[in-house]
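Here is how the chains run, residue by residue.
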Amino acid sequence: MFPILIFCDGATSGNPGPSGWGAIVVLPRGEVRELGGREANSTNNRMEMTGALEALRSIRSEPGPVSIYTDSTYVIRGITQWIWGWRSRGWKTAEGKEVANSELWKALAAELAQRGKENPVDWRYVRGHVGVPGNERVDAIAVEFSKGRRPRLYSGPLLGYEVPVHDIPENTDLPDQKPIEKKEKIAAYSYLSEIGGIAERHADWASCEKRVKGRSGARFKKAMSEEEEKKILSAWGIPASKVRG
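Here is a short report on the structure shown in this document. (Residues numbered from 1 in each chain as written. Predicted model: local features only at pLDDT ≥ 70, side-chain atom pairs only at ≥ 80, totals over all residues. Heavy atoms only, no water.)

Some thoughts on unusual backbone geometry
Right, on to step 1. Pro 16 follows Asn 15 through a cis peptide bond whose omega is 10°.
Right, on to step 2. Examined against the element boundaries, Pro 16 turns out to sit in the loop between strand S1 (4-12) and strand S2 (17-27).
Right, on to step 3. Positive phi values are uncommon outside glycine, yet His 129 reaches one of about 60°.
Right, on to step 4. Counting through the fold element by element, His 129 comes out in the loop between strand S5 (121-125) and helix H4 (133-146). (Helix = DSSP H or I, 4+ residues; strand = E, 2+ residues; numbered from the N terminus.)

Set out below in structure tokens:
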């Protein structure tokens, strides 16, 4: 059995700003529906999610497997990977913050649950703006809505649809997630403190903090180089030769 084919996308004029979403639904019996909509002020991520959500809502009465193509790694990773951790933590991130767009994630999850295991949904990735016909068309629909214009949306037989929607790249795997690069921690050159006109140089923050903590009028500063240390002391009006430590 051929799957129901969906392309979806979102666009914003500013992020956040006037926004639009677009979707194409191709049914196995040879019917095509174009969908789209607008929000006065939203974000690109929300529109990407809305495109997928509205497409799924439109096929509630259509049984069978579904293949959804989107250029949003945020949507795919969110609904297939991240959502399980969010749920287990009461819709909180690993850092304890509220999950962004949680109401849309819950709505998407509800649509998938309603379809059940007998009508599975497969999420596939296509790169945006590389000439994939279905992706280009939903992008155009979303952009038109975001600009306050209503494009003509096709609804009719696949044979009469001018977009070669089945021209899909062979590789639709989700790209590897780039690891977060950790910046190398550079040690400070020195820590400076000043109380009552007397300045001290410290090798670490702990000793600097110990001297200034609770002392009225105390000043302190971290220097990343000898040159920066001189500038700090000059601003305090203290010669480098007078610094203790």
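Details of helix H6 (residues 226-236)
Right, on to step 1. Listed in full, the buried residues belonging to H6 are Glu 229, Ile 232, Leu 233 and Trp 236. For H6, the angular spread of the buried residues around the axis is 95°, confining them to a single face. Away from its buried face by more than 90 degrees, H6 exposes Lys 231, Ser 234 and Ala 235.
Right, on to step 2. Packed against the buried residues of H6 are strand S7 (190-195), strand S8 (198-202) and strand S9 (219-223). (Buried < 20%, exposed > 50% of the residue type's maximum accessible area, 1.4 Å probe, protein only. Arc of directions from axis to C-beta. Contact = heavy atoms within 4.5 Å.)

Thoughts on the packing of helix H1 (residues 44-58) against helix H3 (residues 102-115)
Right, on to step 1. The N-to-C vectors of H1 and H3 enclose an angle of 25°; their axes lie 10 Å apart at closest approach. Judged by the angle between their axes, H1 and H3 are roughly parallel. H3 is crossed by H1, and the crossing has left-handed handedness. Touching Arg 46, Met 49, Thr 50, Ala 52, Leu 53, Leu 56 and Arg 57 of H1 are Glu 103, Leu 104, Trp 105, Ala 107, Leu 108, Glu 111, Leu 112 and Arg 115, all from H3.
Right, on to step 2. Classifying every residue of the contact of H1 with H3 by side-chain character gives nine nonpolar, one polar and five charged. (Axes fitted to C-alpha atoms, helices over the stretch in contact; angles between N-to-C directions. Parallel < 35°, antiparallel > 145°, perpendicular 65-115°, else oblique. Left-handed = near helix turned anticlockwise from the far one by under 90°. Nonpolar A, V, L, I, M, F, W, Y, C, P; charged D, E, K, R; others polar.)

Structural notes on the sheet that holds S7
Within a beta sheet, neighbouring strands are joined by backbone hydrogen bonds and run either parallel or antiparallel to one another.
Right, on to step 1. Reading across from one edge, S8-S7-S9 is the order of the three strands in this open sheet, with antiparallel pairing throughout. Each end of this open sheet is capped by a strand with a single partner; those strands are S8 and S9. Recorded for the sheet is a direction-independent mean angle of 20° between the axes of neighbouring strands.
Right, on to step 2. Strand direction decides the pairing type here: S7 and S8, joined by five bridges, are antiparallel. In the strand pairing of S8, Tyr 191 is matched with His 202.
Right, on to step 3. Where helix H5 (residues 205-212) meets the sheet, its contacts fall on S7, S8 and S9, and the angle it forms with S7 comes to roughly 10°.
Right, on to step 4. On the sheet, H6 packs against S7, S8 and S9 and is oriented at approximately 160° with respect to S9. (Pairing = 2+ DSSP bridges.)

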